[in-house]
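# Structural features, examined
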Amino acid sequence: MNAEPKTLVSILVPAFNEELNVVRCYESIVRVFEKLPDYSYEIIVTDNHSTDRTFELLEDLARKDPALKVIRFSRNYGYQRSLLCAYKAATGACSIQLDCDLQDPPELIPEMLGLWRNGHQVVYGIRRSLKDGFFVASLRRMFYRFITWISDDDLPVNAGEFRLVDRRILVELHKVEDASPYLRGLISAMGFSQVGLEYDRGDRIAGESKFPLKSMISLAVDGVLNHSLMPLRIASIAGIVIGVLSMVLTFIYLVGRVLLGQAWPAGFATTTILLLMSISINAVFMGILGEYVGRLFLQAKPGTKPIVEQKLNFPEVIALVARERQ
């Protein structure tokens, strides 16, 4: 009697200068799957052109375990773009995104798989607590609520990058060509059945964070611009407000000049009012144009693919090496 085939799960791990964590991360994932006899795994690590021993360590691990696949980019393309490449390379029935520093615990993988088996296409981690300082943690939570408020999509609050997505989502992500993707919002906007899983985020045990405040701000800007036209609407609203104020000032000027006999400097008020009115009209029309440009931007935003410097344990690479040796 033939045994039932195991379900393949793709584990996606972005890495940049994680020589102190990459081996520990790999071993933690393997230990989890040793307790899951019905599942097999592939680990896809995207190395964002690390300058330390990260890729060297990955090469050693990949020689011992063909289930470990590595994509090394020709330069640092950023966290989100490297991660999108990992999603496109995943071949499993589902994929689980996991940070290399293990602040998001691999021990929750079985619970995520259980929720997936129950019919949910997306299982996202909800950060019940954060190990960041008070200021950074407050900024994170404020951003989550702000983008949920302004977005036309249903974005979960306090959800980070730790998530499971079904093969159906992976197929859709393979079609995405985006120069500045915001994956947590993109996946949330796809719909399907999505459920949250609360957990307490751990401390980074080794190495330094590769996501400083500057990167957080950049990610926040991508999130806002990719999922809301609110900035463009603010331009339109500002133009209308300035236009109304200009009309009020014009009325006050006429009343003061004609009825009250005020003697303002000749030409001063007229020039000021005309300037304000022209600025407001330009802002209104630029805002209207921006609404249409923004919709076109969201609908057909082009992107450039990151350049892959080297791949390890991918079938097409193995086949190419075999042909070269013949």
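To start, this report covers the structure provided alongside it. This is a predicted model, so every value here is computed, not measured. (Residues numbered from 1 in each chain as written. Predicted model: local features only at pLDDT ≥ 70, side-chain atom pairs only at ≥ 80, totals over all residues. Heavy atoms only, no water.)

## Some thoughts on the overall build of the protein
Of the regular secondary structure elements, the protein holds 11 helices and 8 strands. Here the protein holds 326 residues, and 44% of them are scored as buried. Considering only intrachain contacts with a sequence separation of at least 6, the fraction spanning at least 24 residues in the protein is 82%. Carbon together with sulfur atoms contributes 63% to the accessible area of the protein, which is approximately 17700 Å² in total. (Helix = DSSP H or I, 4+ residues; strand = E, 2+ residues; numbered from the N terminus. Buried < 20%, exposed > 50% of the residue type's maximum accessible area, 1.4 Å probe, protein only. Contact = heavy atoms within 4.5 Å. Areas by Shrake-Rupley, 256 points an atom, 1.4 Å probe, with all protein chains shown as cover.)

## Observations concerning the side chain of Arg-163
Examined against the element boundaries, Arg-163 turns out to sit in strand S6 (residues 159-166). For Arg-163, a relative accessible area of 3% gives the class buried. Once you skip the residues sitting within four places of it in the chain, Arg-163 turns out to touch Tyr-87, Ser-95, Ile-96, Gln-97, Met-112, Val-123, Tyr-124, Arg-184 and Ile-187.

## Some points on unusual backbone geometry
Although it is not a glycine, Asn-17 sits at a positive phi angle of roughly 50 degrees. Position of Asn-17 among the secondary structure elements: in the loop between strand S1 (7-15) and helix H1 (22-34). If you check the backbone angles, Leu-102 has positive phi at about 65 degrees while not being a glycine. For Leu-102, the location among the structural elements is in the loop between strand S4 (94-97) and helix H4 (109-117). Assessed through its relative accessible area of 14%, Leu-102 is described here as buried.

## Comments concerning a nonpolar patch on the surface
A cluster of nonpolar side chains, Ile-240, Val-244, Val-248, Leu-249, Phe-251 and Ile-252, forms an exposed patch at the surface whose accessible area comes to about 550 Å². With respect to the secondary-structure elements, Val-248 resides in helix H9 (residues 230-259). What makes Val-248 partly exposed here is its relative accessible area of 41%. (Patch = residues over 30% accessible without salt bridge, like charges linked within 9 Å, V, L, I, M, F, W, Y side chains within 5 Å. Salt bridge = Lys/Arg side-chain N within 4 Å of Asp/Glu carboxyl O.)

## Side note on the pairing of strand S2 (residues 39-47)
Two faces belong to every sheet, and in a regular strand the side chains alternate between them. A large share of S2 lies buried, amounting to 7 of its 9 residues. Here S1 runs beside S2; their pairing, made up of 9 bridges, is parallel. Residue pairing in the sheet places Ala-15 in a bridge with Asp-47 of S2. Taken together, S1, H1 and S2 form a β-α-β motif whose crossover is right-handed. Taking the sense of rotation as the criterion, the β-α-β connection linking S2, helix H2 (residues 54-64) and strand S3 (residues 68-73) turns out right-handed. (Pairing = 2+ DSSP bridges. Right-handed = clockwise from strand over helix to strand, strands pointing away.)

## Points about empty space enclosed by the protein
With the rule as written, the count across this model stands at 2 cavities of 30 Å³ or more. Estimated volume of the second largest cavity: approximately 50 Å³. Taken together, Val-13, Val-22, Cys-25, Tyr-26, Ile-29, Ile-43, Val-45, Leu-58, Leu-68 and Cys-100 make up the full set of residues lining the second largest cavity. When contributions to the lining of the second largest cavity are tallied by element, the ones reaching two or more residues are H1 and S2. Element by element, the count of residues in the lining of the second largest cavity is highest for H1, at 4 residues. For the lining of the second largest cavity, the per-class residue count stands at 10 nonpolar, no polar and no charged. (1 Å grid on protein atoms, 1.4 Å probe; cavity = no way out; pocket = protein on both sides within 12 Å on 5 of 7 lines; lining within 4 Å. Points joined across faces, edges and corners; volume = space filled by probe spheres on them. Nonpolar A, V, L, I, M, F, W, Y, C, P; charged D, E, K, R; others polar.)

## Digging into helix H3 (residues 79-89)
An α-helix turns once per 3.6 residues; consequently, residues spaced three or four apart project the same way. Taken across its 11 residues, H3 has 9 buried, putting it largely inside the fold. Of all the positions in H3, only Gln-80, Arg-81, Ser-82, Leu-83, Leu-84, Cys-85, Ala-86, Tyr-87 and Ala-89 are classed as buried.

## Some thoughts on the pattern of salt bridges
Under the criterion given, the structure shown has 7 salt bridges. Its salt-bridge partner being Glu-56, residue Arg-53 comes within 3.7 Å of it at the nearest N-O pair.

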